[in-house]
Amino acid sequence: MENLKKNIKDMLESGEIAGFLGLIEEEGHPIPFLFTKDSLDKLDALTVPDIRYPMTDILLKIVRKYPEDTIGVMVRGCDDRALIELAKNQKILSDLIRPIGVACTKEMAEYCRCSQPYPREIHYGEKVEGVKDRSDLEKVESMDLSDRLDYWMGQFSKCIKCYGCRNICSMCFCDQCTLEDDTLILTGQAPPEIPIFHLIRAFHMAGRCIDCGLCEEACPAHIPLRSLYRKVREDMADYLGYVTGMDETERDPLEFLGSDGYEVPTKIDET
Amino acid sequence: MEYQTVRTTCTYCGTGCGVLLEVLDGEVIGTLPQKDHPINEGKLCIKGWNAHEFIYADGRLTKPLIRKGDKLEEASWDEALQYVAKRFLELKEKYGPDSLGCFSSAKCTNEENYLLQKIFRAVIGTNNVDHCARL
Amino acid sequence: MAGLAAAFGSGAMTNSVPEFEDADCILITGSNTTSSHPLIASRIMTAKAKGAKIIVIDPRRTHMAALADIHVKQNLGSDVAWINGLMHIILKEGWHNQSFIDERTEGFEELKKVIENYTPEKVEEITGIPKETLREIAEIYAKSEKSSIVYCMGITQHITGTDNVKSLANLAMLTGQIGRPSTGVNPLRGQNNVQGSTDMAAIPNKYPGYQDVTSDEVREKFEKAWGGPLSPNVGLTVVEMINAIEEGKLKGLYILGENPMISDPDSTHVEKALDDIEFLVVQDIFLTETARKADVVLPGSSFAEKDGTYTGTDRRLQKIRKAIEPLGDAKEDWEILCLVGKAMGSKGFDFASPSEVFDELAELTPIYHGIDYDRIEHEIIHWPCRDKDDPGSPYLHKDGFARGKGLFTAIEYKPPAELPDDEYPHQLTTGRLPFHYHTGTMTRVSPSLTHEVNEAFIELHPEDAKSLGVRNGEKVRVSSRRGSIEVKVMLTPGIKKGVAFIPFHFVEAAANRLTNAAALDPIAKIPEYKVCAIKIEKLDGREA
Ligand code: SF4
Ligand code: SF4
Ligand code: SF4
Ligand code: SF4
Ligand code: SF4
């Protein structure tokens, strides 16, 4: 930890980065914070907690205002994958981002059922192997089609339309969100129109979702959103050979769809 | 370049979810759910997620106003406070303490509610104190 | 609140929010929890996933109702009848908890006599709830290990509001479903600090902490603390103050952060009173309809601009923290109030921070006595918390009720004040939307929320619409004996036939122009917002 703090301090003092987005512990609660040259004293409170905030989503808000500055950011494996996709979508310039990588613990990897619980470069923590656990998907796949539909409709009907799944997602960066397009989804209704609301988002996550699970954690209706997006992610890998967030050079096969909002897909996925 | 998050409580219902207000260069730009809050555990409803949106809304009052004829005109704090105190004390003198009253607020803090009822009970001398939300 | 206080000695939610998760049965009435308290609904959904039975009794098929295991639509204002009906069945079947009744309650014999008459047949006739369903609900509620009751304004905003609440308390005591984790009778407070503002005595008959203004002993304590004589007389409620203005008795009014022009029932009446009053001060963040009538407007601050505490619906103390300075020349509200106190020449307002104000109020309020700013930084504390070693009380009435014995009250069903007739053949009920808050002063300037809905509407059953000859989306005139508004029709099969619903957030079509303010619950003085008679007319020749 002391090395990490020193590392960040040096980068800030030397001017290599204008700010470092990490977390501080305040009265026992970890919260996001941007360290700058003027707040080096806060580094004492730097923390790498088990709870997760949407670091790359916050990063985008800062980059939008300071597009020319170099900014450091604490990343876990999933955040790092988000950086890769954000760069491909031209939301950030990789040259202006200094990721400081944190490897997740075994417990976290298990909690997240994460296949790659570490970033490209690790500055803190010990790398542990990923967890191969598709039990959530297997459960759904074992149902016949009509049960599967009932299952998902039952889940979606709990939705209170908080938009939390979208708000917390680093990959939901569109200026105009289809979910708020009232020609597609009636406004003012909770639950929103199902399954269209959830399927639109699921389709949009193809080639975007980096499987961080923040959406599911944020869902007040406890809808297993991640399983849904995982299925989409798997399909991308199976049919298009593309694993989202893994390779900086490979192009997203769905890139032609554009990055500022999508057309509505017409096919209904039978996950 | 300054970004910090401030732990606070959503102001939209009695559930009292923990939120973080995101402050970028002195301006509130967003709301995040507090992940380790015992009530909402990192989740919010649509009102909570947008709890910051009304802060800078058009029409926020930024100056005291005093009625001059049928118009409300800007005034200094000193003028406004003196006027409020003077008029209330005059009315109390003329019609007695029970000719005055207050509606306190279920949207305001405990401290504010305490202070307002203290003004009416201890300074004016009436128990005409109530709030608008009746449940 | 008056109802619960009479039964238990405390009007607050008996249990805490996280406890819902572990209940085996949750009976929800008069609360569309997913709309008004979404993060409590979230806990209820977890309970359901863990196997709890969710029962909703509501005249509308709300989102919460759609997620429930059992939903029944009762006739508006028939709550005492179905609750008595449940108790009738429970007693008949021997599902009550005799030892709890013997050891912890009083008044049971009188109750027994009254509920004797509420046979399932009679109850079905009054309430419209089929007797088989009533029996099923009675069995699940009484026999589950931990059953919890949740209610909101749909229960209290009736002339029989206090009776309704007392009846729910009867039901919980009869079955011993109170005084343990995940049980109890739980009123969900609408606005963020309803609980705290009542705790802090924004009510005419109490000092902070529910200490009677009429008690000499209490008054002496406060006279000593506040340094001067205090009035021994109970004050006026909001509705009584409005009437007192009309009678020329109330001359000066101070309104803090409220917009009674919209929130009060019968707003036409309120408007007139505010026009007539001699001196009106409004402290708010917007120039609301009410502030426009003021003689002085003091600019306060939003929750992001000040420090302080809220008391959540489950008696939990929480901090709000200042993120930015008040806008322009506006000031933090606690500071404004201190300045007003000082301007009136009082010495009792020399506070440097809200935390100092809190220390004074905690000193005088036994249920807050052990709480301070430092503790709530680190702990979750539910009042009562009587000293610094007291961890607080997530649930109440563990070993005894706050009033000693729990009090059963025998209550007969009374119909609503205003029943439909030939001239006003429909019934109106009002409520919230998930996207807006209260009178909309804050939410209707929030783009993400107005994007969802920004217009009032009236929910009608398709068959009612058909007989009126109106279509979905068409504008209609809705009138009651007190006023009339124009709103768009929204058809929904989820509402009881003959009943209409209008959300109350919209100034330009304020549902409260229609509701019946004259019909007050005699004890809680809560107006009957939830049921009145209306007529719905087509606006001929005019398109929406
Ligand atoms: S998803 Fe993987 S990388 Fe991200 S926090 Fe969980 S374990 Fe770590
Ligand atoms: S349009 Fe789709 S991808 Fe974009 S923000 Fe909305 S849900 Fe996310
Ligand atoms: S897991 Fe959820 S929050 Fe994370 S990238 Fe995928 S969709 Fe977004
Ligand atoms: S987070 Fe859950 S409840 Fe909220 S909009 Fe998404 S799916 Fe619906
Ligand atoms: S986030 Fe929603 S449920 Fe939570 S306090 Fe705010 S309004 Fe209430």
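Since the structure is predicted, the reported quantities are computational estimates derived from the model, not experimental observations.

**Points about the overall build of chain B**
Turning to step 1, where the next piece is worked out: Secondary structure assignment for chain B yields three helices and seven strands.
Turning to step 2, where the next piece is worked out: The secondary structure elements of chain B, listed N-terminal to C-terminal, are β-β-β-α-β-β-α-β-α-β.
Turning to step 3, where the next piece is worked out: Its C-alpha atoms give chain B a radius of gyration of 20 Å, clearly above 14 Å, the size a compact globule of 135 residues would have.
Turning to step 4, where the next piece is worked out: Across its three principal axes, chain B shows a C-alpha extent of roughly 55 × 35 × 25 Å.
Turning to step 5, where the next piece is worked out: For chain B, buried positions account for 72% of its 135 residues.
Turning to step 6, where the next piece is worked out: A separation of at least 24 residues holds for 30% of the contacts in chain B among residues at least 6 apart in sequence.
Turning to step 7, where the next piece is worked out: When the accessible area of chain B is evaluated, it comes to approximately 3,900 Å², of which 45% is carbon and sulfur surface.
Turning to step 8, where the next piece is worked out: Considering chain B, the positive charge centre built from 17 side chains and the negative charge centre built from 19 side chains are found 7 Å apart.

**Section: the site of ligand 1**
Residue and element names in this part refer to chain A.
Turning to step 1, where the next piece is worked out: By nearness alone, every residue bordering ligand 1 is listed as Arg-52, Arg-76, Gly-77, Cys-78, Cys-104, Met-108, Ala-109, Cys-112, Cys-114, Pro-117, Asp-211 and Cys-212.
Turning to step 2, where the next piece is worked out: Among the elements of the structure, helix 3 (77-88) and helix 4 (106-112) are those that each provide at least two residues to the shell around ligand 1.
Turning to step 3, where the next piece is worked out: It is helix 4 that contributes the most residues to the shell around ligand 1, three residues altogether.
Turning to step 4, where the next piece is worked out: Residues belonging to the shell around ligand 1 are distributed by class as follows: eight nonpolar, one polar and three charged.

**Overview of the side chain of Arg-43 of chain C**
Turning to step 1, where the next piece is worked out: Checked against the element boundaries, Arg-43 of chain C lands in helix 3 (residues 38-49).
Turning to step 2, where the next piece is worked out: The exposure class of Arg-43 of chain C is buried, given its relative accessible area of 5%.
Turning to step 3, where the next piece is worked out: Here Ile-39 of chain B takes part through its backbone oxygen, which lies 2.8 Å from a polar atom of the side chain of Arg-43 of chain C.
Turning to step 4, where the next piece is worked out: Sequence-distant contacts of Arg-43 of chain C, defined by excluding residues within four places in its chain, comprise Pro-38, Ile-39 and Glu-41 of chain B together with Val-17, Pro-18, Phe-20 and Glu-21 of chain C.

**Topic: the confidence of the model for chain B**
As a note on interpretation, predicted positions should not be read in detail where pLDDT is low.
Turning to step 1, where the next piece is worked out: Scored by pLDDT, chain B comes out at a mean of 95, with 98% of its residues at no less than 70.
Turning to step 2, where the next piece is worked out: Predicted complex metrics record ipTM = 0.97 and pTM = 0.92.

**Concerning the interface of chain A and chain B**
Turning to step 1, where the next piece is worked out: Taken residue by residue, the interface counts 37 residues in chain A and 22 residues in chain B.
Turning to step 2, where the next piece is worked out: Taken over both partners, the interface formed by chain A and chain B buries close to 2,400 Å², and the fraction arising from carbon and sulfur atoms is 62%.
Turning to step 3, where the next piece is worked out: Of all residues in chain A, His-29, Tyr-53 and Lys-61 of chain A give up the largest surface area on contact with chain B, accounting jointly for 20% of the area buried on that side.
Turning to step 4, where the next piece is worked out: Applying the counting criterion to the chain A and chain B interface returns four salt bridges.

**Topic: the packing of helix 14 (residues 238-246) of chain C against helix 16 (residues 267-276) of chain C**
Residues and elements named next belong to chain C.
Turning to step 1, where the next piece is worked out: Between helix 14 and helix 16, the shortest axis-to-axis distance is 9 Å and the interhelical angle comes to 55 degrees. When the interaxial angle is binned, helix 14 and helix 16 end up oblique. Regarding helix 14 and helix 16, the two cross each other, and that crossing is left-handed. Here Ile-242, Asn-243, Ile-245 and Glu-246 of helix 14 come into contact with helix 16, specifically with His-269, Val-270, Lys-272, Ala-273 and Asp-276.

**Details of the domain arrangement of chain A**
Residue and element names in this part refer to chain A.
Turning to step 1, where the next piece is worked out: Under the domain assignment, chain A is made up of domain 1 (2-112) and domain 2 (135-269).
Turning to step 2, where the next piece is worked out: Across the boundary between the two partners, domain 1 contributes 17 residues, which contact 24 residues of domain 2.
Turning to step 3, where the next piece is worked out: Across the domain 1/domain 2 interface, buried area totals approximately 1,800 Å², and carbon plus sulfur atoms make up 51% of it.
Turning to step 4, where the next piece is worked out: Here domain 1 and domain 2 share one salt bridge between them.
Turning to step 5, where the next piece is worked out: Taken together, domain 1 and domain 2 are joined by seven residue pairs in polar contact (both at pLDDT 80 or more).
Turning to step 6, where the next piece is worked out: Looking at the side of domain 1 that touches domain 2 residue by residue, the classes come out as nine nonpolar, two polar and six charged.

**A closer look at the sheet that holds strand 1 (residues 25-29) of chain C**
Residue and element names in this part refer to chain C.
Turning to step 1, where the next piece is worked out: Read across the open sheet, the five strands follow the order 3-2-1-5-6; overall the sheet is parallel. In this open sheet, the two strands that pair with only one neighbour each are strand 3 (70-72) and strand 6 (185-187). Averaged over neighbouring strand pairs, the angle between their axes works out to 15 degrees when direction is ignored.
Turning to step 2, where the next piece is worked out: Bridge count between strand 1 and strand 5 (residues 147-151): five bridges; the pairing is parallel. Bridge pairing in strand 5 links Thr-29 to Tyr-151.

**Topic: the packing of helix 5 (residues 79-93) of chain C against helix 7 (residues 108-116) of chain C**
Residue and element names in this part refer to chain C.
Turning to step 1, where the next piece is worked out: Interhelical geometry of helix 5 versus helix 7 gives an angle of 105 degrees and a closest axis separation of 9 Å. The angle between helix 5 and helix 7 falls in the class roughly perpendicular. Between helix 5 and helix 7, the residues in contact are Asn-84, Met-87, His-88, Leu-91 and Lys-92 and Phe-108, Leu-111, Lys-112, Val-114, Ile-115 and Glu-116, respectively.

**Here we look at the environment of Trp-95 of chain C**
All names here are of chain C.
Turning to step 1, where the next piece is worked out: For Trp-95, the location among the structural elements is in the loop between helix 5 and helix 6 (98-104).
Turning to step 2, where the next piece is worked out: Counting along the chain gives 38 residues from Trp-95 to Ile-57, while the straight-line C-alpha distance between them is 21 Å.
Turning to step 3, where the next piece is worked out: Not counting residues up to four positions away in its chain, the partners in contact with Trp-95 are Ile-89, Ile-90, Arg-135, Ala-138, Glu-139, Ala-142, Lys-143 and Thr-175.

**Some points on unusual backbone geometry**
Turning to step 1, where the next piece is worked out: Cis geometry is found at the peptide bond from Ile-194 of chain A to Pro-195 of chain A, where omega equals 0 degrees.
Turning to step 2, where the next piece is worked out: Examined against the element boundaries, Pro-195 of chain A turns out to sit in the loop between helix 7 (164-167) and helix 8 (196-204).
Turning to step 3, where the next piece is worked out: The peptide bond linking Trp-383 of chain C to Pro-384 of chain C adopts the cis configuration, its omega dihedral lying at 0 degrees.
Turning to step 4, where the next piece is worked out: Relative to the helices and strands, Pro-384 of chain C is located in the loop between helix 19 (373-378) and strand 14 (406-407).
Turning to step 5, where the next piece is worked out: Positive phi, close to 55 degrees, is recorded for Gln-90 of chain A, a residue that is not glycine.
Turning to step 6, where the next piece is worked out: Its location among the elements puts Gln-90 of chain A in the loop between helix 3 and strand 4 (97-101).

**Section: the environment of Leu-214 of chain A**
Turning to step 1, where the next piece is worked out: As for its position among the elements, Leu-214 of chain A is in helix 9 (residues 214-218).
Turning to step 2, where the next piece is worked out: On the basis of relative accessible area, Leu-214 of chain A is assigned to the buried category, the value being 4%.
Turning to step 3, where the next piece is worked out: Residues Leu-214 of chain A and Glu-193 of chain A, spaced 21 residues apart in sequence, show a C-alpha to C-alpha distance of 23 Å.
Turning to step 4, where the next piece is worked out: Here Leu-214 of chain A is in contact with Arg-52, Tyr-53, Pro-54 and Ile-168 of chain A together with Lys-35 of chain B, once residues within four sequence places are set aside.

**Re the sheet that holds strand 5 (residues 71-74) of chain B**
Turning to step 1, where the next piece is worked out: Pairing is mixed across the open sheet formed by seven strands, whose spatial order is 5(B)-4(B)-11(C)-10(C)-9(C)-6(B)-7(B). The open sheet terminates on both sides in strands that have one partner only, identified here as strand 5 and strand 7 (129-131) of chain B. Pairwise comparison of adjacent strand axes, ignoring direction, gives a mean angle of 20 degrees for this sheet.
Turning to step 2, where the next piece is worked out: Both strand 4 (residues 65-68) of chain B and strand 11 (residues 296-299) of chain C contribute to a ladder of two bridges, which runs antiparallel. By the bridge assignment, Leu-65 of chain B is partnered in strand 11 of chain C with Val-297 of chain C.
Turning to step 3, where the next piece is worked out: Of the strands in this sheet, strand 9 (252-256), strand 10 (279-284) and strand 11 of chain C touch helix 17 (residues 333-343) of chain C, which is tilted by about 160 degrees from strand 9 of chain C.

**Thoughts on the interface of chain C and chain B**
Turning to step 1, where the next piece is worked out: Taken together, the contact pairs 146 residues of chain C with 94 residues of chain B.
Turning to step 2, where the next piece is worked out: The junction of chain C with chain B conceals about 10,300 Å² of combined surface from both sides, 65% of it contributed by carbon and sulfur atoms.
Turning to step 3, where the next piece is worked out: Interface area lost by chain C to chain B is led by Leu-39, Phe-303 and Met-344 of chain C, which between them contribute 8%.
Turning to step 4, where the next piece is worked out: The interface formed by chain C and chain B contains six salt bridges.

**Remarks on the packing of aromatic side chains**
Turning to step 1, where the next piece is worked out: Enumeration over the complete set of coordinates arrives at 22 aromatic pairs over all chains.
Turning to step 2, where the next piece is worked out: Look at Phe-54 of chain B and Phe-303 of chain C: their rings are 6.1 Å apart centre to centre, the planes differ by 15 degrees, and that puts the pair in the stacked class. Linking Phe-54 of chain B in the loop between helix 1 (46-49) and strand 4 with Phe-303 of chain C in the loop between strand 11 and strand 12 (308-311), this pair reaches from one chain into another.
Turning to step 3, where the next piece is worked out: Judged by relative accessible area, which is 1%, Phe-54 of chain B ranks as buried.
Turning to step 4, where the next piece is worked out: Taking the relative accessible area as the measure of exposure, Phe-303 of chain C reaches 3% and is therefore buried.

**Here's the deal with the nonpolar core**
Turning to step 1, where the next piece is worked out: Core analysis: the largest hydrophobic core is formed by 133 residues, its most contacted members being Leu-21 and Ile-62 of chain A together with Ile-458 and Val-478 of chain C.
Turning to step 2, where the next piece is worked out: Residue contributions to this core peak at six residues, all from helix 2 (residues 55-65) of chain A.
Turning to step 3, where the next piece is worked out: Beyond its immediate chain neighbours, meaning those up to four positions away, Leu-21 of chain A contacts Phe-33, Leu-34, Met-55, Ile-58, Leu-59, Ile-62, Gly-72, Val-73 and Met-74 of chain A together with Tyr-3 of chain B.

**Comments concerning helix 9 (residues 131-143) of chain C**
Turning to step 1, where the next piece is worked out: Taking 1.5 Å of rise per residue, the 13 residues of helix 9 of chain C would be expected to cover 18 Å, and the 18 Å separating its terminal C-alpha atoms lies within 8% of that figure.
Turning to step 2, where the next piece is worked out: Of all the positions in helix 9 of chain C, only Thr-133, Leu-134, Ile-137, Ala-138, Ile-140, Tyr-141 and Ala-142 of chain C are classed as buried.

**Quick word on the site of ligand 3**
Turning to step 1, where the next piece is worked out: Lining the immediate environment of ligand 3, one finds Cys-169, Arg-201, Met-205, Cys-209, Ile-210, Asp-211, Cys-212, Gly-213, Cys-215 and Tyr-229 of chain A.
Turning to step 2, where the next piece is worked out: When the residues that make up the shell around ligand 3 are grouped by side-chain class, the tally is seven nonpolar, one polar and two charged.

Scoring rules and cut-offs
- Residues numbered from 1 in each chain as written.
- Chains lettered and ligands numbered in written order.
- Predicted model: local features only at pLDDT ≥ 70, side-chain atom pairs only at ≥ 80, totals over all residues.
- Heavy atoms only, no water.
- Helix = DSSP H or I, 4+ residues; strand = E, 2+ residues; numbered from the N terminus.
- Rg over C-alpha atoms; globule rule 2.2 N^0.38 Å.
- Buried < 20%, exposed > 50% of the residue type's maximum accessible area, 1.4 Å probe, protein only.
- Contact = heavy atoms within 4.5 Å.
- Areas by Shrake-Rupley, 256 points an atom, 1.4 Å probe, with all protein chains shown as cover.
- Lys, Arg positive; Asp, Glu negative; His and termini not counted.
- Charge placed at Lys NZ, Arg CZ, Asp CG, Glu CD.
- Near = heavy atom within 4 Å.
- Nonpolar A, V, L, I, M, F, W, Y, C, P; charged D, E, K, R; others polar.
- Polar contact = N/O pair within 3.5 Å; in protein donor to acceptor, adjacent residues only side chain to side chain.
- pLDDT = per-residue confidence, 0-100.
- Buried area = accessible area lost by both parts, 1.4 Å probe.
- Salt bridge = Lys/Arg side-chain N within 4 Å of Asp/Glu carboxyl O.
- Axes fitted to C-alpha atoms, helices over the stretch in contact; angles between N-to-C directions.
- Parallel < 35°, antiparallel > 145°, perpendicular 65-115°, else oblique.
- Left-handed = near helix turned anticlockwise from the far one by under 90°.
- Domains from an automatic or database assignment.
- Pairing = 2+ DSSP bridges.
- Phe/Tyr/Trp six-rings, centres within 6.5 Å; stacked < 30°, edge-to-face > 60°.
- Core = buried A, V, L, I, M, F, W, Y, C linked by side-chain atoms within 4.5 Å.
- Expected span 1.5 Å × (residues − 1).

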